[in-house]
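Examining the three-dimensional arrangement
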Amino acid sequence: MLTYQAEGGKANDWHVMNLGQYAAGGAGLVFMESTKVDPHGCSTRKDCGIWSDEFVPGLARVADIIHQQGAMAGLQLGHSGRKAGMVLPWEGRVPLDLDSVPTPSGETWQLVGPSAIAHNSKYKVPKELTRDDIKAMINKWVKAAKRAARAGFDVLELHCAHGYLGHQFLSPVANKRTDEYGGLLRDRMRFVVEMATAVRSVWAESQPLFLRISAVDNAGWTIDDSVALAKELRRVGVDVIDCSSGGMGGDPLADTPPTYGYQVPYAARIRREAGIMTMAVGLITDAHQAQGIIRSGEADLIAIGREFLSDPHWPLHAAEVLGERTEGIMPHPYDYWLEKRRELALPPYGGT
């Protein structure tokens with residue numbers, strides 16, 4: 001979950017505190033929010049960055065606190081492409097005045113994309129990436145992956161969903177290229193597949209590589225397309241597809257009201273038809289719900305986002321609800337005192 005608390009792209013005490021609490025709360029894998037491979041790819045001026053070696057020490061602090069609490073540390077790499085340069089969400093989430101506001105690294109902001117097509121009428125038209133630009137862009141992801149390894153992260157996720165750069169190349173709406181990176185589905189997939197291939201070549205084979213997609217976007221990208229993409233990504237070494245949706249302008253919930261686990265069928269179909277592990281996400285809030293998704297084979301992993309913001313100790317409460325042992329889920333300084341309370345064997349509180 002993006003928190004927009006970096007200064008000049010650098011992770012700080014906020015990120016150590018915020019992510020450390022989820023590890024202490026019993027999560028098995030804690031992901032650092034989308035961390036940008038290029039200052040021009042920042043969604044806001046408060047995004048975390050990894051486009052320079054100077055960011056490695058701050059990110060290493062985050063990985064270290066997660067490890068200290070017994071969890072694995074994941075890092076999500078991203079680039080917002082033509083959707084970069086926005087005001088903070090709680091301040092309006094509208095495009096910045098890019099002619100007067102610099103990137104977090106102090107440069108004049110340059111939006112880029114697969115084609116010179118703005119995200120919508122509020123955004124500036126991006127520069128269309130040339131073939132040489134694309135090669136250079138992929139190299140930014142490769143360098144970022146190497147820095148992530150030096151910072152001590154165990155898992156890497158490539159963010160190619162929600163209308164950001166990878167998704168823009170996949171989309172027939174955002175990508176109107178006529179070269180080998182546009183047109184037919186296999187060509188629109190080329191950038192994402194080449195980027196995943198390049199990152200996999202420098203990311204240890206023993207360490208998982210995830211890739212997040214919008215499984216459907218109601219703007220031209222379909223679940224059939226996602227299955228085809230997942231097959232290619234499995235071939236080049238991606239281990240897990242993180243199945244979200246939307247972000248290109250169409251609303252996946254436009255025709256139906258939101259329901260719990262509404263994106264789980266995407267994870268299930270991609271898992272079944274592409275033969276790759278999937279992670280389910282989106283309105284998964286209940287322990288029985290999460291357990292049911294795993295037991296039914298609809299997904300291999302559950303990602304908890306907003307529910308963790310509400311309850312950082314969600315795994316402990318899930319274990320209690322499911323009647324599982326809770327020892328070892330929490331750090332000893334927590335578990336010792338909680339066990340003292342459990343020993344009282346009090347009935348549920350019935351006061352008003």
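Residues numbered from 1 in each chain as written. Predicted model: local features only at pLDDT ≥ 70, side-chain atom pairs only at ≥ 80, totals over all residues. Heavy atoms only, no water.

**Here's the deal with helix α6 (residues 190–202)**
The condition is simple: Put simply, DSSP marks the helices as runs of H or I at least four residues long and the strands as runs of E at least two long, and each gets a number from the N terminus on. Here a helix's expected span is defined as the number of its residues, less one, multiplied by 1.5 Å. The contact criterion used is simple: two residues touch if any of their non-hydrogen atoms lie within 4.5 Å.
Here α6 spans 19 Å end to end across 13 residues, near enough to the 18 Å set by a 1.5 Å rise per residue. Among the structural elements, α3 (131–151), β6 (155–160), α4 (165–170), α5 (185–188), β7 (209–214) and α7 (223–235) are those in contact with the buried residues of α6.

**Quick word on the layout of surface pockets**
Our working definition: Note on definitions: the grid is 1 Å and covers protein atoms alone; a cavity is a set of points where a 1.4 Å probe fits but cannot get out; a pocket is an open set with protein on both sides within 12 Å along at least five of seven lines; lining residues have an atom within 4 Å of a point. Grid points are joined across faces, edges and corners, and a volume is the space filled by probe spheres set on the points. Each residue gets one of three labels, nonpolar for Ala, Val, Leu, Ile, Met, Phe, Trp, Tyr, Cys and Pro, charged for Asp, Glu, Lys and Arg, and polar for the others, Gly among them.
The space that makes up the second largest pocket amounts to roughly 160 Å³. Lining the second largest pocket, in full, are D38, H40, Q110, V112, K127, L129, D133, A136, M137 and K140. Take the lining of the second largest pocket: its biggest share by element is four residues, from α3. Each residue belonging to the lining of the second largest pocket can be placed in one class, and the counts come to four nonpolar, two polar and four charged.

**A look at the pattern of salt bridges**
Spelled out, the test is: In the sections that follow, a salt bridge refers to a side-chain nitrogen of Lys or Arg positioned within 4 Å of a carboxyl oxygen of Asp or Glu. Between buried and exposed lies partly exposed: a residue is buried under 20% and exposed over 50% of the maximum accessible area for its type, with that area taken using a 1.4 Å probe on protein chains only.
Under the counting rule described, the total for this entry stands at 21 salt bridges. With a closest N to O distance of 3.0 Å, R131 and E180 form a salt bridge. Taken together, the residues span a long stretch of sequence, with R131 in helix α3 and E180 in the loop between α4 and α5 at a distance of 49 residues. A relative accessible area of 45% means that R131 is categorised as partly exposed. Residue classification places E180 among the partly exposed residues on the basis of a relative accessible area of 31%. E273 is paired through a salt bridge with R269; the nearest N and O atoms lie 3.0 Å apart. Taken together, the residues E273 and R269, both in helix α8 (residues 264–274) and four residues apart, mark about one turn of the helix.

**Focus on the packing of helix α1 (residues 13–24) against helix α2 (residues 56–68)**
Keep this limit in mind: In this description, a line fitted to the C-alpha atoms serves as the axis of each element, helices being fitted only across the stretch in contact, and the angle between N-to-C directions of two axes falls anywhere from 0 to 180 degrees. Note that the term roughly parallel is reserved for angles under 35 degrees, roughly antiparallel for angles over 145, roughly perpendicular for angles of 65 to 115, and oblique for everything else. Two helices that cross are described as forming a left-handed crossing if the nearer one is turned anticlockwise from the farther one by less than a right angle, and a right-handed crossing if clockwise.
Interhelical geometry of α1 versus α2 gives an angle of 20° and a closest axis separation of 8 Å. What the angle tells us is that α1 and α2 run roughly parallel. Every pair of crossing elements has a handedness; the one defined by α1 and α2 is right-handed. Counting all contacts with α1, which are made through D13, H15, V16, L19, G20 and A23, the residues of α2 involved are R61, V62, I65 and I66.

**Looking at unusual backbone geometry**
In most cases, non-glycine residues show a negative phi, while peptide bonds are predominantly trans. At Y4, a residue that is not glycine, the phi angle is positive and equals roughly 55°. Relative to the helices and strands, Y4 resides in the segment before α1.

**Examining helix α11 (residues 314–322)**
Listing the buried residues of α11 in full gives W314, P315, L316, A318 and A319. Those residues of α11 that are buried lie in contact with α9 (287–295), α10 (306–310) and α12 (332–342).

In short, geometric facts, not functional conclusions.
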